[in-house]
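Tertiary structure, described
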Amino acid sequence: MKLPLFIWSTSALTFLGHAIRTQVTPVQKVLQALQEMKAKAEASMDDEQKIFHEYTSWVDDRTTDLGFEIKTGESNIEKLTAFIEKSDNKVAELATAIGKLEDDIARLEAEKKDATVVRDTEHAEYVKVSTDYAESVDALERAIQILTSQAYDRPQAEMLLQQMAKTTPGMTRVL
């Protein structure tokens, strides 16, 4: 009876050993979980490295682009600053020229006013002299008519003319 028990215990142990061998132990489960986590972590790290590499590449490209944009902007600022200074100088020059022109206009208007006053004065004098001459010529024409209608000499005629010269303005110049 010992023999069957021995066989049975041996076969039970074999079966149990086999069952223990086929059965996964908790340590093996932990090791297997750690290996799976390691594989996931390595895959995740590879993905992160790819993403980081892409990001780094993008940052480098963007930094280069921004550097060029900054240089271009600074260049534009310098050009525009120079243009502004040039325009300010031109505005100052034109303001000076406008001031001179306004002074010239004021001077010319004053000269025009003075010339108009002189012209009006000379015109008034001309009208006065012209009227005087016209009256003198008219008086002479009347005297000539009277003297020609009377066809004889009179010594008084000369005296008459001299007297008329005293009373009629402008006649003294005719005699």
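A brief look at the structure comes next. Since the structure is predicted, the reported quantities are computational estimates derived from the model, not experimental observations.

**Considerations on a nonpolar patch on the surface**
On the surface, Val27, Val30, Leu31, Leu34 and Met37 cluster together into a nonpolar patch covering about 490 Å² of accessible area. Position of Leu34 among the secondary structure elements: in helix α2 (residues 26–149).

**Comments concerning α2**
The terminal C-alpha atoms of α2, which comprises 124 residues, lie 171 Å apart, in line with the 184 Å expected from a rise of 1.5 Å per residue. Taken as a whole, α2 has its buried residues at Asp132, Ser136, Ala139, Leu140 and Ala143.

**Regarding the pattern of salt bridges**
Per the counting criterion, the structure on display carries three salt bridges. Here Glu111 ties to Arg107 by a salt bridge, and the two come within 3.1 Å at their closest N and O atoms. Residue Glu111 and its partner Arg107 are both found in helix α2; the two are separated by four residues, about one turn of the helix. Residue class for Glu111 comes out partly exposed when judged on its relative accessible area of 41%. Among the residues examined, Arg107 registers a relative accessible area of 42% and is labelled partly exposed. As a salt-bridge pair, Asp138 and Arg142 come within 3.9 Å of each other at their nearest N and O atoms. Of this pair, Asp138 and Arg142 both sit in helix α2, four residues apart, roughly one helical turn. A relative accessible area of 47% places Arg142 in the partly exposed class. One salt-bridge network, in which partners are shared between bridges, spans Asp104, Arg107 and Glu111.

Conventions we followed
- Residues numbered from 1 in each chain as written.
- Predicted model: local features only at pLDDT ≥ 70, side-chain atom pairs only at ≥ 80, totals over all residues.
- Heavy atoms only, no water.
- Patch = residues over 30% accessible without salt bridge, like charges linked within 9 Å, V, L, I, M, F, W, Y side chains within 5 Å.
- Areas by Shrake-Rupley, 256 points an atom, 1.4 Å probe, with all protein chains shown as cover.
- Salt bridge = Lys/Arg side-chain N within 4 Å of Asp/Glu carboxyl O.
- Helix = DSSP H or I, 4+ residues; strand = E, 2+ residues; numbered from the N terminus.
- Expected span 1.5 Å × (residues − 1).
- Buried < 20%, exposed > 50% of the residue type's maximum accessible area, 1.4 Å probe, protein only.

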